[in-house]
Amino acid sequence: YYFTQDFEPYFYPMSSEYILAEDTYRMGFSCICSGPWIARLVKERYGAKADYFQFPVDTSIYNRCVPRKKSQKNIIFFAKPDMPRRCYSLGIHALQQFYELRPDVEIILYGSNMLEESQIPFRATVKKLIPTLEDLADMYRNADLGIVFSTTNPSLVPYEMMACGCPVVDLDVEYALSKYGDDPNNVFLLSPLPNIMAQQLADLLAQPETLRTCAENAGTWVRNEFPTELEMACRVEDLILQDILPGEPE
């Protein structure tokens with residue numbers, strides 16, 4: 001069995017390391033994948049045997065039980081300059097142009113201790129690492145839109161935002177919709193061109209009903225489809241048992 005958490009070749013330039021990582025999907029292992037995106041990719045590109053478990057979301061923390069307190073419109077950006085696949089530079093360029101269109105909207109950057117306010121080319125609130133999970137959930141509940149770029153396998157972040165009622169923006173790249181239930185009503189997939197993305201963000205902020213509808217659809221999807229950690233572990237166990245005991249009752 002191959003516990004497959006991301007598409008490892010993407011962590012390298014085209015090189016020996018890329019090819020060797022890619023070859024691991026051709027070795028005949030049964031892939032137990034973290035989420036549907038990587039399962040689809042290795043099946044379609046390499047003919048691998050693959051199934052997946054869904055990401056666990058702790059709804060005792062990430063929920064809509066606490067009402068919003070913040071009155072000012074704001075966008076939060078999961079900003080990680082230390083992690084190339086999060087496309088920090090692309091996000092900064094788009095937000096710089098968005099700020100010119102909507103200087104009244106607060107832009108909040110968080111997610112890394114490498115963030116420095118002096119290096120941001122527009123007015124922004126820089127929060128770096130949020131102290132507690134409860135603080136994180138509270139920030140999500142008070143946001144109008146959350147930007148999380150998941151160019152490879154996503155983290156828990158977009159789903160935790162959704163559980164808190166925060167509509168999510170991601171990049172419109174290959175297989176992107178498979179990360180969101182293959183349902184365009186659950187997420188806003190925007191252009192990777194910064195100037196176009198900036199205008200799309202401004203258009204979304206001018207449509208509160210569109211934001212509300214997406215938040216409700218995504219929140220319902222996460223509540224219905226995403227397991228607890230124990231349920232996730234049971235799913236992994238079931239995938240193995242179904243493979244080694246074919247035809248046996250569950």
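Here the structure is a predicted model, which means the values were calculated and not measured.

A. Inspection of the side chain of asparagine 186 at higher detail. Of note, asparagine 186 is situated in the loop between β8 (168-171) and β9 (188-190). Take asparagine 186: its relative accessible area is 3%, and that puts it in the buried class. Here the side chain of asparagine 186 touches tyrosine 180 through a polar contact of 3.2 Å, landing on its backbone oxygen. Ignoring anything within four residues of it in the chain, the contact list for asparagine 186 reads Met162, Tyr180, Cys214, Asn217, Ala218 and Trp221.

B. Region of interest: the sheet that holds β8. Overall, parallel pairing links the six strands, which are arranged β6-β5-β4-β7-β8-β9 in an open sheet. A single partner strand is all that each edge strand has here, and the edge strands are β6 (125-128) and β9. Strand-to-strand twist in this sheet, taken as the mean axis angle between neighbours without regard to direction, amounts to 25 degrees. Judged from the three bridges that link them, strand β4 (residues 74-78) and strand β7 (residues 145-147) form a sheet pairing that is parallel. Residue pairing in the sheet places isoleucine 76 in a bridge with glycine 146 of β7. On the sheet, helix α4 (residues 133-141) packs against β4, β5 (106-110) and β6 and is oriented at approximately 155 degrees with respect to β5.

C. Main features of the sheet that holds strand β2 (residues 30-34). Ordered in space as β1-β2-β3, the three strands form an open sheet in which the pairing is parallel. Both outer strands of the open sheet, β1 (2-4) and β3 (49-53), are each paired with one neighbouring strand and no more. The average undirected angle you get between the axes of adjacent strands in this sheet is 25 degrees. The sheet contact formed by β2 and β3 spans five bridges and is parallel. Counted as the bridge partner of cysteine 33 is tyrosine 52 from β3. Sheet strands touched by helix α2 (residues 36-46): β1, β2 and β3. Its angle to β3, the strand with the most contacts, is close to 175 degrees. The strands touched by helix α8 (residues 229-244) within the sheet are β2 and β3, with β3 carrying the most contacts at an inclination of about 155 degrees.

D. Region of interest: the nonpolar core. Formed by 33 residues in total, the largest nonpolar core has its most connected members in Phe98, Leu109, Leu145 and Leu201. Breaking this core down by element, the ones donating at least two residues are β4, α3 (88-101), β5, β7, β8, β9, α6 (194-205) and α7 (208-225). Sequence-distant contacts of leucine 145, defined by excluding residues within four places in its chain, comprise Asn74, Ile75, Ile76, Cys166, Pro167, Val169, Phe188, Leu201, Leu204, Leu205 and Leu211.

E. Region of interest: a nonpolar patch on the surface. A contiguous nonpolar surface patch, about 370 Å² in accessible area, is contributed by Tyr1, Leu241, Ile244 and Leu245. Tracing the backbone through its elements, the reader meets leucine 241 in helix α8. Leucine 241 gets classed as partly exposed once you look at its relative accessible area, which sits at 36%.

F. Examining a negative patch on the surface more closely. Together, Asp58, Glu134, Asp135 and Glu229 make up a region of like negative charge exposed at the surface. The residue glutamate 134 is located in helix α4 in this model.

G. Representation of the side chain of lysine 179. Within the fold, lysine 179 resides in the loop between β8 and β9. Within the buried core, lysine 179 has no salt-bridge partner, and the shortest N-O distance to an opposite charge, that of aspartate 170, equals 4.9 Å. Residue contacts for lysine 179: discarding those within four places in its chain leaves Trp37, Ser150, Thr151, Thr152, Pro154, Tyr159 and Trp221.

H. Up close: the state of the cysteines. Tallied over the full model, the rule gives zero disulfides. Free of any disulfide, cysteine 31 has its nearest cysteine sulfur in cysteine 33, 5.1 Å distant. According to the relative accessible area criterion, cysteine 31 is buried, its value standing at 3%. Cysteine 87 takes part in no disulfide bond, and the closest cysteine sulfur, belonging to cysteine 166, lies 19 Å away. Exposure remark for cysteine 87: the relative accessible area of 19% places this residue in the buried category.

Cut-offs applied
Residues numbered from 1 in each chain as written. Predicted model: local features only at pLDDT ≥ 70, side-chain atom pairs only at ≥ 80, totals over all residues. Heavy atoms only, no water. Helix = DSSP H or I, 4+ residues; strand = E, 2+ residues; numbered from the N terminus. Buried < 20%, exposed > 50% of the residue type's maximum accessible area, 1.4 Å probe, protein only. Polar contact = N/O pair within 3.5 Å; in protein donor to acceptor, adjacent residues only side chain to side chain. Contact = heavy atoms within 4.5 Å. Pairing = 2+ DSSP bridges. Axes fitted to C-alpha atoms, helices over the stretch in contact; angles between N-to-C directions. Core = buried A, V, L, I, M, F, W, Y, C linked by side-chain atoms within 4.5 Å. Patch = residues over 30% accessible without salt bridge, like charges linked within 9 Å, V, L, I, M, F, W, Y side chains within 5 Å. Areas by Shrake-Rupley, 256 points an atom, 1.4 Å probe, with all protein chains shown as cover. Salt bridge = Lys/Arg side-chain N within 4 Å of Asp/Glu carboxyl O. Lys, Arg positive; Asp, Glu negative; His and termini not counted. Charge placed at Lys NZ, Arg CZ, Asp CG, Glu CD. Disulfide = S-S within 2.5 Å.

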